[in-house]
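Summary of the model geometry
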Amino acid sequence: MDLRLPETDLVIFDCDGVLVDSEELSCRCLSEALGRAGIEMSTAQALKLFLGRSTAAVTEHCRAAGQPLPESFLAELALAVRETFRAQLKPIAGVAAVLAELRLPHCVASSSDLERVRFSLELTGLAPYFGERLYTSQMVQHGKPAPDLFLYAAREMAASPPRTLVIEDSASGVMAARAAGMKVWGFVGGAHHRGREGDSLLRDAGADRIFAAMTDFWTEG
């Protein structure tokens, strides 16, 4: 056990907005893709509605609004995101140092699909810290804010929920961790949190702690 994280046997990291600074990029791609499909939605609106959620939530939202998306939408969106990430994606500042110091078992649990998670981690040099310990919403029936994904990841990692710590950047992710009976820290250091009340959003969702820089990961508070 890492003595700096007492009563913790597993650390689960969300990917987008926690490991890689991707949320603003991906929501901008989503906004543009929706516009091409005839649905007006700003990047800010996309962040508010879909931060931390899967593409299934996007398609369901549009269907419920009477604006079903074309069959080609998700493939075209994935291509646009991949091209944007290849040109602009960066790791969250300081996260590699945290992962290098971490002595506890750790894994990723993300609302993104497995291919995108792998691509993001490889592109930013973070893949070696996780290997195949990658879990996504594709593997469970219900995505965040349901607890399914975090519970699945804990089972796969042979850890009990009360001794699991989740690092999340979205309200839906924080709520999912709380529903799973896990400790959860809210991270607000991603570009998408600039100009937004991320602290209060994540605290209201139930985060046990809020921090804005990975250099503060080991700092008590």
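Below or above, wherever it landed, is the structure these notes cover.

Scoring rules and cut-offs
Sequence order as written defines residue numbering, which begins from 1 separately in each chain. The predicted nature of this model means local features are confined to residues of pLDDT at least 70 and side-chain atom pairs, given and counted, to a pLDDT of 80 or more, with totals for whole chains, interfaces and linings taken over all residues. Think of the side-chain values as coming from all heavy atoms in the structure, minus any hydrogens and water. For the purposes of this entry, the term helix denotes a DSSP run of H or I that reaches at least four residues, the term strand denotes a run of E that reaches at least two, and both are numbered from the N terminus. Computation of the radius of gyration draws on C-alpha atoms, with the globule rule given as 2.2 Å multiplied by the number of residues to the power 0.38. Each residue is assigned to one of three classes by its accessible area relative to the maximum for its type, calculated with a 1.4 Å probe on protein chains only: buried under 20%, partly exposed between the two thresholds, exposed over 50%. The contact criterion used throughout is that any non-hydrogen atoms of two residues lie within 4.5 Å. Every accessible area reported is derived by Shrake-Rupley at a probe size of 1.4 Å, with residue values counting cover from the shown protein chains alone. This arc is taken over the directions from the axis of the helix to the C-beta atoms. Any carboxyl oxygen of Asp or Glu within 4 Å of a side-chain nitrogen of Lys or Arg constitutes a salt bridge here. Planes of paired rings set the category: under 30 degrees apart is stacked, over 60 is edge-to-face and the rest tilted, where pairs are Phe, Tyr or Trp rings (Trp by its six-membered ring) whose centres lie within 6.5 Å. A positively charged side chain is recorded as over a ring if its NZ (Lys) or CZ (Arg) lies within 6 Å of the ring centre. The angle to the ring normal must also be within 35 degrees.

**What about the overall build of the protein chain?**
Looking only at helices and strands, the protein chain has 9 helices and 6 strands in total. Over its C-alpha trace the protein chain gives a radius of gyration of 17 Å, about what one expects of a compact globule, namely 17 Å for 221 residues. Projected onto the principal axes, the alpha-carbon positions of the protein chain cover approximately 55 × 35 × 35 Å. Here the protein chain, with 221 residues, has 51% of them falling under the buried criterion. Long-range pairs, those at least 24 residues apart, make up 69% of the contacts in the protein chain with a sequence separation of at least 6. Put simply, the protein chain shows about 10300 Å² of open surface, and 50% of that area lies on carbon and sulfur atoms.

**Topic: helix 2 (residues 43-50)**
Within the sequence span of helix 2, burial applies to Ala-46, Leu-47 and Phe-50. Here the buried residues of helix 2 occupy an arc of 100° about the axis, which is enough to place them on one side. Opposite its buried face, helix 2 presents the exposed residues Ala-44 and Lys-48, each directed more than 90 degrees away. The inward-facing, buried residues of helix 2 contact helix 1 (23-36) and helix 3 (55-64).

**Notes on the pattern of salt bridges**
Pairing between side chains becomes possible if they bear opposite charge and their charged atoms approach one another. A full pass over the atoms with the stated rule returns 9 salt bridges. For Arg-63, the salt bridge is made with Glu-60, and the minimal N-O distance between the two is 2.7 Å. Linking Arg-63 with Glu-60, this pair stays in helix 3, spanning 3 residues, or about one helical turn. Of the charged contacts in the structure, one is a salt bridge between Arg-82 and Glu-115, with a shortest N-O distance of 3.7 Å. With a gap of 33 residues between them, Arg-82 in helix 4 (residues 73-88) and Glu-115 in helix 6 (residues 114-123) connect regions that are remote in the sequence. Among the charged side chains, a salt-bridge network with shared partners connects Asp-14, Lys-144 and Glu-168.

**A word on the packing of aromatic side chains**
Scanning the entire structure with this criterion turns up 8 aromatic pairs. Each ring, one from Trp-185 and one from Phe-211, has its centre 6.0 Å from the other, and the planes form 80°; the classification is edge-to-face. One end of the pair, Trp-185, is in strand 5 (residues 183-187); the other, Phe-211, is in strand 6 (residues 209-211), with 26 residues separating them in the sequence. Judged by its relative accessible area of 14%, Trp-185 falls in the buried class. With a centroid separation of 4.9 Å and an interplanar angle of 85°, the aromatic rings of Phe-217 and Trp-218 are classed as edge-to-face. Here the aromatic residues Phe-13, Phe-130, Trp-185, Phe-187, Phe-211, Phe-217 and Trp-218 are joined through ring pairs into a cluster of three or more. One cation-aromatic arrangement involves Arg-209 over Trp-185; the distance from NZ or CZ to the ring centre is 4.5 Å.

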